[in-house]
Structure formats: C-alpha cells, structure tokens
Amino acid sequence: MPNCQETLKELELFLDSELPNARIEEIMVHLTGCTDCQGAFEFHAELRAIVRAKAKRDHLPDGFTDRLLACFEPQTDPD
Ligand SMILES: [Zn+2]
C-alpha cells in the first residue's frame, strides 16, 4: 500500500498511464481514502487539461510544461 509521499511521487506516471495496472489500483485505493492526495491529483489532472488546451492554440516555449509541473512536485529532502 503506497503512502502519501509515494502516491504523489507517481502522480505524473499515473496521469501518463505509465504505471502497471496493479500499481494504478493501489493508488486508486489510496485516493479513495485520502482527500489530500485526491485534491492533488485532481489539481494536476485539471492543470494538464488546461495546458493541453492552451498548447493547441498557442505555441508554448520548449520545456514550459515541464517547468510548470515541476513547481508542484513534492519537495525532496536534500540528503
Ligand atoms: Zn495520501
């Protein structure tokens, strides 16, 4: 069973559907019982939809989306 930190770490992979089904199921189970992670996932999913819709209309600078999404990554400890 993944904890919050593990769940948030795999958020991007989850949204890209790059996780094995078993892992996706574990995360879904965690999300149904954790409103904190639910909010984070919904926010990211929404953000992606907005960025994607905007990218269709305007050309975004290279790496723009990566930098934007990086702002929301959980902080990792320096050590
Ligand atoms: Zn959680």
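Residues numbered from 1 in each chain as written. Predicted model: local features only at pLDDT ≥ 70, side-chain atom pairs only at ≥ 80, totals over all residues.

## A few points about the overall build of the protein
Of regular secondary structure, the protein possesses 5 helices and 0 strands. Ordered by position in the sequence, the α and β elements of the protein form the string α-α-α-α-α. With the C-alpha coordinates aligned to their principal axes, the bounding extent of the protein is approximately 40 × 30 × 25 Å. Relative to its 79 residues, the protein shows a buried fraction of 9%. Sequence separation of 24 or more characterises 63% of the internal contacts of the protein that already satisfy a separation of 6 or more. (Helix = DSSP H or I, 4+ residues; strand = E, 2+ residues; numbered from the N terminus. Buried ≥ 20, exposed ≤ 12 C-beta atoms within 10 Å, placed from the backbone. Contact = placed C-beta atoms within 7 Å.)

## Section: helix 4 (residues 35-57)
When the terminal C-alpha atoms of helix 4 are compared, their 33 Å separation across 23 residues agrees well with the 33 Å that a helix rising 1.5 Å per residue should span. Burial analysis of helix 4 places just 2 of its 23 residues in the buried class, a small minority of the element. (Expected span 1.5 Å × (residues − 1).)

## Points about unusual backbone geometry
Positive phi outside glycine occurs at Ser-17, with the angle close to 55 degrees. Position of Ser-17 relative to the elements: it lies in the loop between helix 2 (11-15) and helix 3 (21-33). Exposure remark for Ser-17: the 8 C-beta atoms within 10 Å place this residue in the exposed category.

## Quick word on the UniProt feature "domain: Putative zinc-finger" (unreviewed entry) in the protein
Mapped onto the present numbering, the UniProt feature "domain: Putative zinc-finger" (unreviewed entry) falls on residues 4-38. Taken end to end, residues 4-38 is 80% helix and 0% strand, and its two terminal C-alpha atoms sit 10 Å from one another. (UniProt positions renumbered as here; feature names shortened; annotations may be inferred.)

## Points about the environment of Leu-47
Looking at where Leu-47 falls in the secondary structure, it is placed in helix 4. Linking Leu-47 and Thr-65, residues 18 residues apart in sequence, is a C-alpha distance of 9.9 Å.

## Considerations on the environment of Ala-40
Its place among the elements puts Ala-40 in helix 4. Residue class for Ala-40 comes out partly exposed when judged on the 18 C-beta atoms lying within 10 Å of it. On a C-alpha basis, the gap between Ala-40 and Ala-55 in space is 22 Å, while along the polypeptide they are 15 residues apart. Setting aside chain neighbours within four positions, we find Ala-40 in contact with Leu-8 and Leu-11.

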